[in-house]
Amino acid sequence: MINPALISLENQVFRCYLGWSAILVLKIFAAGIYTGLMRFFTATFANPEDLMSPKLKVKFDDPNVERVRRAHRNDLENILPFFAIGLLYVLTDPTAFLAINLFRAVGIARIVHTLVYAVVVVPQPSRALAFFVALGATVYMALQVIASAAF
Amino acid sequence: MINPALISLENQVFRCYLGWSAILVLKIFAAGIYTGLMRFFTATFANPEDLMSPKLKVKFDDPNVERVRRAHRNDLENILPFFAIGLLYVLTDPTAFLAINLFRAVGIARIVHTLVYAVVVVPQPSRALAFFVALGATVYMALQVIASAAF
Amino acid sequence: MINPALISLENQVFRCYLGWSAILVLKIFAAGIYTGLMRFFTATFANPEDLMSPKLKVKFDDPNVERVRRAHRNDLENILPFFAIGLLYVLTDPTAFLAINLFRAVGIARIVHTLVYAVVVVPQPSRALAFFVALGATVYMALQVIASAAF
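Summarised in this report is the structure supplied together with it.

What counts as what
- Residues numbered from 1 in each chain as written.
- Chains lettered and ligands numbered in written order.
- Predicted model: local features only at pLDDT ≥ 70, side-chain atom pairs only at ≥ 80, totals over all residues.
- Heavy atoms only, no water.
- Least-squares fit on C-alpha atoms with pLDDT ≥ 70 in both.
- Contact = heavy atoms within 4.5 Å.
- Axes fitted to C-alpha atoms, helices over the stretch in contact; angles between N-to-C directions.
- Helix = DSSP H or I, 4+ residues; strand = E, 2+ residues; numbered from the N terminus.
- Parallel < 35°, antiparallel > 145°, perpendicular 65-115°, else oblique.
- Left-handed = near helix turned anticlockwise from the far one by under 90°.
- Nonpolar A, V, L, I, M, F, W, Y, C, P; charged D, E, K, R; others polar.
- Phe/Tyr/Trp six-rings, centres within 6.5 Å; stacked < 30°, edge-to-face > 60°.
- Lys NZ or Arg CZ within 6 Å of the ring centre and 35° of its normal.
- Patch = residues over 30% accessible without salt bridge, like charges linked within 9 Å, V, L, I, M, F, W, Y side chains within 5 Å.
- Areas by Shrake-Rupley, 256 points an atom, 1.4 Å probe, with all protein chains shown as cover.
- Salt bridge = Lys/Arg side-chain N within 4 Å of Asp/Glu carboxyl O.
- Buried < 20%, exposed > 50% of the residue type's maximum accessible area, 1.4 Å probe, protein only.
- Polar contact = N/O pair within 3.5 Å; in protein donor to acceptor, adjacent residues only side chain to side chain.

A separate point is the relation of the copies chain C and chain B. For these two chains of identical sequence, chain C goes onto chain B by a turn of 120 degrees and a shift of 0.0 Å along the axis, with RMSD 0.0 Å. These values place the two chain copies in the arrangement generated by a three-fold rotation axis. When the interface residues of chain C are mapped onto chain B, a mere 12% of them are again interface residues, pointing to distinct binding faces.

What follows is about the packing of helix H1 (residues 12-42) of chain B against helix H4 (residues 126-150) of chain C. Relative to each other, H1 of chain B and H4 of chain C sit at 150 degrees, their axes nearing to 8 Å. Considering their axes alone, H1 of chain B and H4 of chain C lie roughly antiparallel with respect to each other. In this structure, the crossing between H1 of chain B and H4 of chain C has a hand that is left-handed. Packed against H1 of chain B, whose contacting residues are Arg15, Leu18, Gly19, Ala22, Ile23, Val25, Leu26, Phe29 and Ile33 of chain B, the element H4 of chain C presents Phe131, Phe132, Leu135, Thr138, Val139, Ala142, Leu143, Val145, Ile146, Ser148, Ala149 and Ala150 of chain C at the interface. Classifying every residue of the contact of H1 of chain B with H4 of chain C by side-chain character gives 17 nonpolar, three polar and one charged.

Here we take up the packing of aromatic side chains. Inspection of every chain in the model, using the stated rule, returns 24 aromatic pairs over all chains. Geometrically, the ring pair formed by Phe131 of chain C and Phe132 of chain C is edge-to-face, given 5.0 Å between the ring centres and 85 degrees between the ring planes. Site record: aromatic cluster; members linked through ring pairs are Phe14, Tyr17, Phe82, Phe83, Tyr89 and Phe103 of chain A. Over the face of the ring belonging to Tyr117 of chain A we find Arg127 of chain A, whose NZ or CZ atom lies 4.1 Å from the ring centre.

Before going further, it helps to spend a moment on a nonpolar patch on the surface. Residues Ile33, Leu37, Phe40, Phe41 and Met52 of chain A together with Phe132 of chain B make up a contiguous nonpolar surface patch of about 670 Å² in total accessible area. Residue position: Phe40 of chain A is located in helix H1 (residues 12-42).

Bringing the pattern of salt bridges into the picture now. Scanning the entire structure with this criterion turns up 21 salt bridges over all chains. Measuring nitrogen to oxygen at the nearest pair gives 2.6 Å for the salt bridge that ties Asp75 of chain A to Lys27 of chain A. Note that Asp75 of chain A is positioned in helix H2 (residues 63-91) and Lys27 of chain A in helix H1, a separation of 48 residues in sequence. In terms of burial, Asp75 of chain A and Lys27 of chain A fall into one category: buried. Each of Glu49 and Asp50 of chain A together with Arg67 and Arg127 of chain B takes part in a single network of salt bridges with overlapping partners.

Moving on to the side chain of Thr42 of chain A. Residues and elements named next belong to chain A. Mapped onto the fold, Thr42 is located in helix H1. Engagement of the side chain of Thr42 in a polar contact is seen with the backbone oxygen of Met38, the distance being 2.7 Å. One polar contact links Thr42 to Thr44, side chain to side chain, over a distance of 2.7 Å. Dropping the residues within four chain positions of it, Thr42 is found in contact with Lys59, Asp62, Asn64 and Val65.

Shown next as structure tokens:
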């Protein structure tokens, strides 16, 4: 049986999951706000009711807005599954050292991913590296959860 | 240590989170079904195998379909992080009055967001207001979770 | 009060949720990797810094890449809400037989959905069926959670 103390602020693994999850929620929202600001700066609005002036028309192809939207979508594809699997991974009672470093790896790699994708464009393979570090850590957690469920 | 009674139907904060989360899951799915219906009404299908008649061609730019898809995507960007952070926020044992009203604010604001975005288009700032009420409440929860994890 | 034993590897319902959630996390990531591979095979890159050769230009309309992206987005719309509601549904202490088969239905239907949408295109209604089986099972769970929260 899972020790109820796993879901506890005294469990440093859970605490680390808690902190990084909340930071990554704010990071996802920051991408949303950044999209909105970029829409203002480039006057790229997708809805007629958003047009700030009667001279503007709806526009869908501004490369700066689309870049932020791709970074934001990539967050949804990778961070949201982490929220689910990270919690379940805590419940498998992993080694604290490994688990804490995996959470840090996901958190830092996803922040770096947004920075090099949408804030200051850095040549590849920087974005690919950030992507695969976070992906690798999350896949490892998923495999551990499958092992716990199976045996 | 987190009181195990927090994750309990007798904890009205958890119960409120439970109810609003389930309603918002149905709301997200409603946006998906609504996209499908809009595709039928406007005969806008994105895949060759979906075309109902040999006279139709795939189409990607119907403004009504795209509007619902933007509303739906906005749900993913904002409601899915709430599912994660709302549960973690319950575990920080917040004041019941505040927590319950934050959950209500998120739930009602996100339903209003869909209504004024995709069902009956209402001039701004109605959609912006609904967006920021839900965002503000969720950011507050994330900050509380970070404070719990840090201290 | 919720029995703490519900969140336990000895609860076969929770264990089944755990296993299928982890498999579906891997399935979502597989769609992401598949998008990346498809971008390479078709030389369809969305960012200037991703172009492998100076002769290439950014491209957004390759039908194969867009198909995988639609399948991936559909996963986000349907599987991510399942992660949240599935866990809450476990906490309502459902009948094991029903719950386990609902989780299996969601897991298998979503894998079939990706296969018939993005790997081997199978004529409709195969994709629609896979979509509605998973949706129906998840909606049922959401309604059970609402009933638990309300009474």
